[in-house]
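Close look at the chain arrangement
Chain by chain, the residues run as shown.
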Amino acid sequence: MRRPVWTLDLVRDTNAPLEQVVRVLSEGTAFYLWHPRLKVVEVCVQLRESAYFKANYKSHPFPGVEEQGIFEVWPDGERLLLIHRATFKGWPVLLMMGWWRVRSRRMWECLVESL
C-alpha cells in the first residue's frame, strides 16, 4: 500500500523588499521565527536572479513524515509574490494535515513581520 501524500500551497503578496525576503529564505537558520514546522533547515537555492528566487528543502517535521518544499519569490507589479509549495508523505500525515494547514495559514505574514 502506498504512503499517503498531501500537498499544501500558500500564495501571498507583500510590499516587503525582495532582497530581505531572499536573504531570509536563503539562510535557512532562522526559520523558527516565522515557519510553523521548520526550525533550521538546509535550503538548496535552485535559481537566484535579480527578479526571481527559487529554493527547495527536505525536512522531517514529524516522525514518519517527509516534507519536500519549494519557495518562489518574484515581483508582481508593485508587489512581491510569495509562493510556498509543500508535499508531505507518510501515514502520520492523515492525522497532522489539518493542524499544519491551520498553523501555516499565516506563515508568509509572519515572515514579513520578522523582517
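Residues numbered from 1 in each chain as written. Predicted model: local features only at pLDDT ≥ 70, side-chain atom pairs only at ≥ 80, totals over all residues. Heavy atoms only, no water.

Some words on the pairing of strand β3 (residues 52-62)
Of the pairings in the sheet, the one linking strand β2 (residues 44-49) to β3 comprises 5 bridges and is antiparallel in character. Its bridge partner being in β3, C44 is matched across the sheet by N56. Hairpin connection from β2 to β3: 2 residues lie between these consecutive antiparallel strands. Here β3 pairs with strand β4 (residues 65-76) via 8 bridges, running antiparallel. Among the inter-strand pairings, F53 is bridged to a residue of β4, identified as V73. In this antiparallel pair of consecutive strands, β3 and β4, the connection spans 2 residues, and G64 shows a positive phi of 85°. (Pairing = 2+ DSSP bridges. Helix = DSSP H or I, 4+ residues; strand = E, 2+ residues; numbered from the N terminus.)

A few points about the environment of Y57
Examined against the element boundaries, Y57 turns out to sit in strand β3. The exposure class of Y57 is buried, given its relative accessible area of 3%. Sequence separation of Y57 and G28 is 29 residues, and the distance between their C-alpha atoms is 9.2 Å. At 2.5 Å, the side chain of Y57 and the side chain of E67 are in polar contact. (Buried < 20%, exposed > 50% of the residue type's maximum accessible area, 1.4 Å probe, protein only. Polar contact = N/O pair within 3.5 Å; in protein donor to acceptor, adjacent residues only side chain to side chain.)

Things to note about helix α2 (residues 93-104)
Among the residues making up α2, those that are buried are V93, M96, W100 and S104. End-on, the buried residues of α2 take up no more than an arc of 70°, which puts them together on one face. The outward face of α2, more than 90 degrees from its buried face, is lined by the exposed residues L95 and V102. Of the surrounding elements, those touching the buried residues of α2 are β1 (5-14), β3, β4, β5 (79-89) and α3 (107-114). (Arc of directions from axis to C-beta. Contact = heavy atoms within 4.5 Å.)

Some words on the side chain of E66
Along the chain, the position of E66 falls in strand β4. Despite its burial, E66 pairs with no opposite charge, the nearest such side chain being R3 at 4.4 Å. A distance of 2.6 Å separates a polar atom in the side chain of E66 from a polar atom in the side chain of Q68. (Lys, Arg positive; Asp, Glu negative; His and termini not counted. Salt bridge = Lys/Arg side-chain N within 4 Å of Asp/Glu carboxyl O.)

Notes on the packing of aromatic side chains
On inspection of all chains with the given rule, the structure shows 9 aromatic pairs. Centroid distance F31 to F71: 5.8 Å. Interplanar angle 80°. Geometry classified as edge-to-face. Taken together, the residues span a long stretch of sequence, with F31 in the loop between α1 (18-27) and β2 and F71 in strand β4 at a distance of 40 residues. In terms of burial, F31 and F71 fall into one category: buried. Measuring from ring centre to ring centre gives 6.2 Å for W34 and W108, while their planes differ by 15°; the resulting arrangement is stacked. You can see W34 sitting in the loop between α1 and β2 and its partner W108 sitting in helix α3, a full 74 residues away along the chain. This pair shows no difference in class: W34 is buried, exactly as W108 is. Taken together, F31, W34, Y57, F71 and W108 form an aromatic cluster joined through their ring pairs. Positioned over the ring face of W100 is R37, at 6.0 Å from the centre of the ring. (Phe/Tyr/Trp six-rings, centres within 6.5 Å; stacked < 30°, edge-to-face > 60°. Lys NZ or Arg CZ within 6 Å of the ring centre and 35° of its normal.)

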